[in-house]
Amino acid sequence: MNVFENLRDGKSYHILDEDYKREVHGEINRCRHICHLINSTDPDEVEKIIELERELFNGNLPEQTFLTPPFQIDCACRVFLGKNVFANHGLTVMSVGTVTLEDGVMLGPEVGMFTVNHEPKNIRVIFTKEIRIKKNAWIGARVNILPGVTIGENAIIGTGSIVTKDIPDNAVAVGNPARVIKIID
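Residues numbered from 1 in each chain as written. Predicted model: local features only at pLDDT ≥ 70, side-chain atom pairs only at ≥ 80, totals over all residues. Heavy atoms only, no water.

### Brief notes about the side chain of Thr 100
Okay, step 1: One can find Thr 100 in strand E7 (residues 99-101).
Okay, step 2: In this structure Thr 100 comes out as buried when scored by relative accessible area, which is 11%.
Okay, step 3: A distance of 3.3 Å separates polar atoms of two side chains, one belonging to Thr 100 and the other to Glu 130. (Helix = DSSP H or I, 4+ residues; strand = E, 2+ residues; numbered from the N terminus. Buried < 20%, exposed > 50% of the residue type's maximum accessible area, 1.4 Å probe, protein only. Polar contact = N/O pair within 3.5 Å; in protein donor to acceptor, adjacent residues only side chain to side chain.)

Now the structure itself:
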């Protein structure tokens, strides 16, 4: 098992652990460089951006999926994208713990997804929990999604919400922390 798989299985790592530094920081450096290239590309050069996004995701960029620059993803090897996913500008993804965006997910501007946290008694020790956003969910502008959250199919998360717990299918959730205010028939 590699460090990413161990983290996904619940193992904690000290950030100075040699395996952690080699595997995770190697991926962070690779992604930081490619994100810089994407973010520096003229926005009218869509084909070049798509080519770089394909490189970022190790050749796995499903059809009709596009992330609008600028954005920052720290560990793209742990981001799994479905078809027809769209992210508006300003996306921030801390994905060492794995992020899955299923088919048809839409993300508004400046969405943040954070899969990593630190041990309170030793902030140099990290642990992760996966984020999963299910089919056709719509995440509003400036929403932050915390470790371990699953957002259900067709759910809508209102602008500026902070999602700390799972949101069921077909729910509309808003606020800090996000709370379900209605279910869509």
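Next comes the rest of the write-up.
### Let's talk about the environment of Ala 87
Okay, step 1: The topology assignment puts Ala 87 in strand E5 (residues 86-87).
Okay, step 2: Considered as a pair, Ala 87 and Pro 69 are 18 residues apart in the sequence and their alpha carbons are 8.9 Å apart.
Okay, step 3: When near neighbours in sequence (up to four residues on either side) are disregarded, Ala 87 contacts Phe 66, Leu 67, Thr 68 and Leu 107. (Contact = heavy atoms within 4.5 Å.)

### Things to note about a nonpolar patch on the surface
Okay, step 1: A contiguous nonpolar surface patch, about 300 Å² in accessible area, is contributed by Phe 86, Met 106 and Trp 138.
Okay, step 2: By secondary structure assignment, the location of Phe 86 is in strand E5. (Patch = residues over 30% accessible without salt bridge, like charges linked within 9 Å, V, L, I, M, F, W, Y side chains within 5 Å. Areas by Shrake-Rupley, 256 points an atom, 1.4 Å probe, with all protein chains shown as cover. Salt bridge = Lys/Arg side-chain N within 4 Å of Asp/Glu carboxyl O.)

### Comments concerning the packing of helix H2 (residues 18-39) against helix H3 (residues 46-56)
Okay, step 1: Packing of H2 against H3 leaves a shortest axis separation of 9 Å and a crossing angle of 175°. Judged by the angle between their axes, H2 and H3 are roughly antiparallel. Together, Arg 30, Cys 31, Ile 34, Cys 35, Leu 37 and Ile 38 of H2 and Ile 49, Leu 52, Glu 53, Glu 55 and Leu 56 of H3 make up the contact between the two elements.
Okay, step 2: Its residues assigned to classes, the contact of H2 with H3 shows eight nonpolar, no polar and three charged. (Axes fitted to C-alpha atoms, helices over the stretch in contact; angles between N-to-C directions. Parallel < 35°, antiparallel > 145°, perpendicular 65-115°, else oblique. Nonpolar A, V, L, I, M, F, W, Y, C, P; charged D, E, K, R; others polar.)

### Looking at the nonpolar core
Okay, step 1: Grouped together as the largest cluster of nonpolar side chains are 42 residues, with contacts concentrated most on Leu 56, Ile 73, Leu 107, Met 113, Ile 133, Ile 145 and Ile 151.
Okay, step 2: If we ignore the near neighbours within four places in the chain, the residues touching Leu 107 are Phe 86, Ala 87, Asn 88, Leu 91, Leu 101, Met 113, Ile 133 and Ile 139.
Okay, step 3: With eleven residues, the next largest nonpolar core counts Val 3, Leu 7, Tyr 20 and Ile 126 among its residues. (Core = buried A, V, L, I, M, F, W, Y, C linked by side-chain atoms within 4.5 Å.)

### A word on empty space enclosed by the protein
Okay, step 1: Counted according to the given criterion, the structure contains one cavity of 30 Å³ or more.
Okay, step 2: In this structure, the largest cavity encloses a volume near 40 Å³.
Okay, step 3: The wall of the largest cavity is formed by Leu 67, Ile 73, Val 79, Leu 81, Leu 91, Val 93, Val 99, Leu 101 and Met 113.
Okay, step 4: Secondary structure elements with two or more residues in the lining of the largest cavity: strand E4 (79-81), strand E6 (91-94) and E7.
Okay, step 5: Grouping the constituent residues of the lining of the largest cavity by class yields nine nonpolar, no polar and no charged. (1 Å grid on protein atoms, 1.4 Å probe; cavity = no way out; pocket = protein on both sides within 12 Å on 5 of 7 lines; lining within 4 Å. Points joined across faces, edges and corners; volume = space filled by probe spheres on them.)

### Thoughts on the sheet that holds strand E10 (residues 116-119)
Okay, step 1: Spatially, three strands are ordered E1-E11-E10 in an open sheet, and the strand pairing comes out antiparallel. The sheet is open, and its two borders are formed by strand E1 (13-14) and E10, each paired with just one other strand.
Okay, step 2: With two bridges connecting them, E1 and strand E11 (residues 122-128) associate as antiparallel partners. When the bridges of E11 are listed, Tyr 13 appears paired with Ile 126. (Pairing = 2+ DSSP bridges.)

### With respect to the sheet that holds strand E2 (residues 66-67)
Okay, step 1: Spatial ordering of the open sheet is given by E2-E5-E8-E13-E16-E18-E19, a layout of seven strands whose pairing is mixed. Since the sheet does not close on itself, it has two edges, and those belong to E2 and strand E19 (178-183), each with one partner.

### Focus: the layout of surface pockets
Gaps left between atoms show up when a probe the size of a water molecule is rolled over them.
Okay, step 1: In this structure, the largest pocket occupies an estimated 180 Å³ of space.
Okay, step 2: Taken together, Ile 15, Tyr 20, Val 24, His 25, Ile 28, Asp 74, Met 94, Val 96, Val 116, His 118 and Ile 126 make up the lining of the largest pocket.
Okay, step 3: When residues of the lining of the largest pocket are traced back to their parent elements, those giving at least two are H2 and E10.
Okay, step 4: If one sorts the elements of the lining of the largest pocket by residue count, H2 sits on top with four residues.

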